[in-house]
Structure formats: C-alpha cells, structure tokens
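Tertiary structure, described
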Amino acid sequence: MAQPDQSPGDGRTGLTVAAVIAAVCLVAAIVATGLWVSERTGAASVRADRASAAELDASYRDFATTVMTKLMTIRQETLSEDVDEIVGLIEGDFSEQFAPAATRTRTW
C-alpha cells in the first residue's frame, strides 16, 4: 500500500498555529483585564466625586438654613447679640454688605 507523504514539518505546523492562537488569546485577556481595571477605577472616582458633591450640597443647604433661620428670628430685645451671631456666621460679599447695616442697628 502506498502511504501519503508525511514531511517532518507537518506536526510542527499544527503546534505553531496552536501556540499563535494561545498567544493571541493571552494578549487579548491581558488587554481586557487592563481595560476592566481602568474602567473600574474610573467608576470609583466618579462615585467619590458624586459623594463629595452631595456632601458639599448638604453642607451648603444646612448653612443657608441656619443663617436664614437666624435672620428670620432676630428679636428687638436681643438685637445686638443676634446680629453679632449672624455676622460671625457669614463671610464674603454678604458679610461685607450686612456688617455696615449691623453697625447702624446698634446705634438705635
């Protein structure tokens, strides 16, 4: 019987193809893992930024509520103390606008 020609390189060709496929799969897995870790880190950063912004919003809201409550509950009997307390709480443009008016009220 005649046997088909088998060259010694035929067995290595299949092994080379398998090795190349394995290497491509390994590189793809490494790239996918890197992208996943990067995305996960970015998502954690976004969550931290949102939490920080929410805390800041709550802080602003609480401060504004406190100042407005103090402004709305100024009493004639405790005018000087109430105004001093409000001036102690505020700063910036509103403080600069409110302080001269507070000085005027003390002279009454």
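The structure under discussion appears in the preceding block.
A brief structural summary. (Residues numbered from 1 in each chain as written. Predicted model: local features only at pLDDT ≥ 70, side-chain atom pairs only at ≥ 80, totals over all residues. Heavy atoms only, no water.)

Topic: the overall build of the protein
We count it as follows: For the purposes of this entry, the term helix denotes a DSSP run of H or I that reaches at least four residues, the term strand denotes a run of E that reaches at least two, and both are numbered from the N terminus. Classification of residues uses two cut-offs on accessible area relative to the type maximum, computed with a 1.4 Å probe and protein chains only: under 20% is buried, over 50% is exposed, and between them is partly exposed. Each accessible area is a Shrake-Rupley result for a 1.4 Å probe, and residues are judged covered by the shown protein chains and nothing else.
When helices and strands are tallied, the protein shows three helices and zero strands. From first element to last, N terminus to C terminus, the protein shows the α and β order α-α-α. When burial is assessed residue by residue, the protein has 9% of its 108 residues classed as buried. A total accessible area of about 9000 Å² is found for the protein, and carbon and sulfur atoms account for 61% of it.

Considerations on the environment of Ile86
With respect to the element layout, Ile86 can be found in helix α2 (residues 79–89). For Ile86, a relative accessible area of 1% puts it in the buried group. On a C-alpha basis, the gap between Ile86 and Ile74 in space is 9.5 Å, while along the polypeptide they are twelve residues apart.

Side note on the pattern of salt bridges
Selection criterion: Every case where a carboxyl oxygen of Asp or Glu lies within 4 Å of a side-chain nitrogen of Lys or Arg is listed as a salt bridge.
Enumeration over the complete set of coordinates arrives at one salt bridge. A salt bridge links Glu85 to Lys70, with the nearest nitrogen and oxygen atoms 2.6 Å apart. In this pair, Glu85 is assigned in helix α2 and Lys70 in helix α1 (residues 10–72), connecting sequence segments 15 residues apart. A relative accessible area of 37% means that Glu85 is categorised as partly exposed.

Some details on the side chain of Asp82
Selection rule: Only four residue types enter the tally: Lys and Arg on the positive side, Asp and Glu on the negative side; His and the chain ends are excluded.
The topology assignment puts Asp82 in helix α2. Buried and without a salt bridge, Asp82 has Arg75 as its closest oppositely charged side chain, separated by 5.6 Å.

Topic: α2
Spacing of three or four residues puts side chains on the same side of an α-helix, whose turn is 3.6 residues. Just so we agree on the cut-off: As used here, the arc belongs to the directions running from the helix axis to the C-beta atoms.
Considered for burial, the residues of α2 that qualify are Leu79, Asp82, Val83 and Ile86. The arc enclosing the buried residues of α2, seen along the axis, measures out at 95°, which places them on a common side.

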